[in-house]
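Chain and residue survey
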Amino acid sequence: MDTALADRLAAVDARIQDAARAAHRDAAAITRIVVTKFHPATLVSELHALGVRDVGENRQQELTAKRAELDGIRDLRWHFIGQAQTNKARAVRAAADAVHSVDRARIADALDGADGDGPLD
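From a predicted model like this one, the values you see are computed outputs, not experimental measurements. (Residues numbered from 1 in each chain as written. Predicted model: local features only at pLDDT ≥ 70, side-chain atom pairs only at ≥ 80, totals over all residues. Heavy atoms only, no water.)

**Here's the deal with the sheet that holds strand E3 (residues 77-80)**
The strands that make up a sheet pair up through hydrogen bonds in the backbone, lying either parallel or antiparallel. As a reminder of what qualifies: Should DSSP find at least two bridges between two strands, the strands are taken to pair. Under the DSSP-based scheme used, a helix requires at least four consecutive residues in state H or I and a strand at least two consecutive residues in state E, with every element numbered from the N terminus.
As summarised here, the arrangement of the 4 strands in space is E1-E2-E3-E4, forming an open sheet in which the pairing is parallel. The two strands at the open ends of the sheet, each matched to only one other strand, are strand E1 (34-35) and strand E4 (98-99). Summarising the sheet, strand E2 (residues 54-57) and E3 pair through 4 bridges and their orientation is parallel. Each residue of the ladder has a partner; that of Gly56, found in E3, is His79.

In structure tokens:
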């Protein structure tokens, strides 16, 4: 296990705890989404071993490829955080468990109209 990665993740978690305390919030109610753009799927696997369950990607192609490569890890939740394009709505819907970047009604309509064969169903 990569101790540097574990240390960096622990530092992020400590900052989340501190921010939650300062805001009088329960840190357990906060979802930490680790963004792995431009990093290989092997990093996601290492992060999973450290307890990460929520992973974010901002490019549909990268999200789709990583999800497919790590299909055996069933308890990962994939978040699409990038600007969605209408023509990629079907692929985003098929790969993402959550979409955080719906900024136009047209994108919402495209995601809603995409075949219901993905995690968002």
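Following the structure, the description resumes.
**Some points on unusual backbone geometry**
Note the cut-off: The cut-offs for exposure are 20% and 50% of the maximum accessible area for each residue type, with area from a 1.4 Å probe on protein chains only; residues under the lower value are buried, those over the upper are exposed, and the others partly exposed.
Look at His24: it is not a glycine, yet its phi comes out positive at around 60°. Here His24 falls in the exposed class, since its relative accessible area comes to 76%.

**As for the environment of Arg32**
Topologically, Arg32 is positioned in the loop between helix H1 (3-22) and E1. Spatially, the C-alpha atoms of Arg32 and Val44 are 14 Å apart, while their sequence positions differ by 12 residues.

**Focus: the pairing of E2**
Here is the key point about a regular strand: its side chains alternate between the two faces of the sheet. As a reminder, the rule being used: Crossovers are described as right-handed under a simple rule: with the strands pointing away from the observer, the path leading from the first strand over the helix to the second runs clockwise.
The two faces of E2 match: Asp54 and Gly56 on one face and Val55 and Glu57 on the other face are all buried. Pairing between E1 and E2: 2 bridges, direction parallel. Bridging across to E2, Val34 finds its partner in Val55. Viewed along the sheet, the connection from E1 through helix H2 (residues 41-49) into E2 turns out right-handed. Where the polypeptide runs from E2 across helix H3 (residues 60-69) and back to E3, its parallel neighbour, the crossover connection is right-handed.

**What to know about the pairing of E3**
Of the strand pairs in this sheet, E3 and E4 are connected by 2 bridges, and their pairing is parallel. In the sheet register, Phe80 faces E4, and the bridge partner there is Val99. At this point the chain moves from E3, through helix H4 (residues 89-95), to the parallel E4, and the crossover so formed is right-handed.

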